[in-house]
Amino acid sequence: MGERPWWKRLAIVTHGKRSSPKRLAGLALTATFTAILISLLSLTGPWQLIDARIFDYLSTTYHVERPDDGPIIVAIDEPSLAEINRQWPWPRELHAQLIKSLRAAGAKSIGMDIIFAEPSTPQADEALADSMGPDVVLASDISILETAQASQMLRTEPLPQLTDKGARSGVASISLDRDGTLRRIPSYQDGFSQVLLGHPAPLPQPAYIQAYGPPRSYETVSYYQALAPEQFLPPGIFRDKTVIVGLSMQSAPTTKSGGADAYPTPWSARTGTLVSGAEIQATIFDNLATGQFIRGAPIWAAIASVFAAAAAAAAVTMRGTSWRTFPAALIGVVAIVLGSFLLLRFGRVNLPPAAPAFAFAIVSLAQSARDFASERRMRRDITRAFSQYLSPELVRQLTDDPDRLKLGGERRTLTILFCDVRGFTSISERMKDHPEQLTNLVNRLLNPLSDAVMNAGGTIDKYIGDCIMAFWNAPLDDPDHALHAVQAAKNMLTALDRLNAELAEEAAASGEEPIALKIGIGVNTGDCVVGNMGSEKRFDYSALGDAVNLASRLESQTKSYNVSILMGPETARQIGERLPILELDRVSVKGKSETATISTVLINEVGNAALSAHRAFIDDMYERRTEKAIARLATLEDQIPELQAYYLRQHRYLMNVLPQ
């Protein structure tokens, strides 16, 4: 078997039936480079902020129920400030009274998210110390002191006399991300919630907080109510419960306004509100108690996901790319985000999806761009090779499907048009001493005539000297091919009028005799064989058949009937009443026994009365009512001046018939 033609080999590579080693190497290089670049970018601060914001939305997309036995918040809030009617800070005797009241109500443990680091009055400090016990956890604080020489960590602890009475201390400080949002559980071994929980344990780092909802998602009572629970609260509300006391305003502050001891959490991305420190400590407590905190994926796993996504994109585009690559890339990105969400929801692991999603999209789109450039080069090669032989529309089809490059044809119903210049021999004789002017004249004529064909969707078959052959309904389907062909014929006449006007102006300016060009056009519709005709080395896209022959004969008969356009019966039938079609005669067709009706189309509009008068004239002529037909001609020449030459010809014919 011989080697495949170059265009078929190129089409196979482009359309993905096989992949060349060069293409595979380029794809592997693209995937590797993209994975490395995205992996490095994912370690930068701005990218990590993107990952953090995606985590906010993914971790709050689903609702996680907080434990039923979780902490109760005793809020230092607006109603409490109003009821107690004392300026903050409140006397420590009041806090002592609260602790005793909560203990009496059955609270299992009490966390005071208030720092008692400075002494107040001896009496107040002693009263608070007397209320202390192992069930009380006091907040301590860690801060960083920045100096020009070094950074120093300072820890602020509660008063010793409080811890001497059995109270424990835990670090209530939290760590915010670069955008000021709380997402991670502090890594302190003696964090406030760990100590309150009673069994501090090392945490995997990073450990992300599973938020349970917007502000006030926890059961919350006011401080003044907890001072007298038997009066204000349901019985047993504190029994065997962990209680956290801290600032928690009923009107949750917003991210714009800010607030004391209130911080943005993942829910703030949706609600725009801040969560109080006491509720944050309750959330950390429940995360640790139930193990619902979210583990951060190690760096190696995040980088591996980027390389895996780039490899998956390379596998998707290995066989080739097309318009389907873009939805496939979108589906791949959605799948990566969905996979990250499911891992977060059910595996409790945060594997950021942004980097692998970007890697998948970039590899897919980059390979699509490379394939597009390759296909553009292929299209240019085919266009250069075949544009001199085939119509531009067929060249476009060949670039889309090079397998169409084969000899042979198909049977189709076409409308064929022939256009020829009348009297071209005399024009050539007149300009025989100036061949370049003759060539220029032919080009000036064929350009607008060809444009009329192409603008109407036709395919120019060939130029035969000063003659044009064109057809419609191939290679592209055209349901209105007959109408479009006749419209092209009318536009050709209009273009010819413009050219003649230009030639007349040029002749007047040069003092020469003007050249008046005339054309005859034959249009016919019928079954043909259309396809690539010729030899293996040289061929043309052309049409063959009786319909083609009749169109050529109609063009030659335009001179006999003194009209510019003649069309066959099937053409007139398909156009119907959409254009002013006038029947002219019935003629015998060479090689066939039946006669064919030939018609013309009017360029200018005429009234219905004129059309009816013409049809009556044709009927009289067919029925051999010669005298009536001649009588009608006198008025028809005025009613349809466009056909005056035709009527004059028919008048002479009928006058010759009359004596018989």
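Just so it is clear, the structure is predicted and the values come from calculations on it, not from any experiment.

Calculation rules
- Residues numbered from 1 in each chain as written.
- Predicted model: local features only at pLDDT ≥ 70, side-chain atom pairs only at ≥ 80, totals over all residues.
- Heavy atoms only, no water.
- Buried < 20%, exposed > 50% of the residue type's maximum accessible area, 1.4 Å probe, protein only.
- Helix = DSSP H or I, 4+ residues; strand = E, 2+ residues; numbered from the N terminus.
- Arc of directions from axis to C-beta.
- Contact = heavy atoms within 4.5 Å.
- Salt bridge = Lys/Arg side-chain N within 4 Å of Asp/Glu carboxyl O.
- Core = buried A, V, L, I, M, F, W, Y, C linked by side-chain atoms within 4.5 Å.

S.K.: Would you mind going over helix H6 (residues 122-130) in detail, with residue names and values included?
M.R.: In an α-helix, one turn spans 3.6 residues, which is why side chains three or four residues apart end up on the same side. Within H6 the residues assigned to the buried category are Ala124, Asp125, Leu128 and Ala129. The buried residues of H6 occupy one face: seen down the axis, they fall within an arc of 135 degrees. Residues Pro122 and Gln123 are exposed on H6 and point more than 90 degrees away from its buried face. On the buried face of H6, the contacting elements are helix H5 (92-104) and helix H7 (160-163).

S.K.: I'd like a rundown of the pattern of salt bridges, residues and numbers included.
M.R.: All told, the structure shown has 24 salt bridges when counted by the stated rule. A salt bridge links Asp56 to Arg183; its shortest N-O distance comes to 2.7 Å. One end of the pair, Asp56, is in helix H3 (residues 45-59); the other, Arg183, is in the loop between strand E5 (168-171) and helix H8 (192-197), with 127 residues separating them in the sequence. When sorted by exposure, Asp56 lands in the same class as Arg183, which is buried. In this structure, the salt-bridge partner of Arg155 is Glu157, at a minimum N-O distance of 2.4 Å. Look at Arg155 and you get partly exposed, because its relative accessible area is 37%. Glu157 gets classed as partly exposed once you look at its relative accessible area, which sits at 30%. Linked through salt bridges whose partners overlap, the residues forming this network are Arg53, Asp56, Asp177, Asp179, Arg183 and Arg184.

S.K.: Outline the nonpolar core, supporting the account with residue identities and numerical values.
M.R.: One finds Met492, Leu517, Ile519, Ile521 and Met567 to be the most contacted residues of the largest nonpolar core, which totals 41 residues. Among the elements of the structure, strand E13 (408-422), helix H18 (435-455), strand E15 (467-472), helix H19 (481-510), strand E16 (518-534), strand E18 (565-567) and helix H21 (569-575) are those that each provide at least two residues to this core. Residue contributions to this core peak at 11 residues, all from H19. The residues contacting Met567, other than those within four sequence positions of it, are Val486, Val523, Leu554, Ala572, Ile575, Ile581, Thr597, Ile598, Ser599, Thr600 and Val601. Residues Ala96, Leu138, Leu162 and Val243 belong to the second largest nonpolar core, which totals 33 residues.

Just geometry here; none of it tells us what the structure is for.
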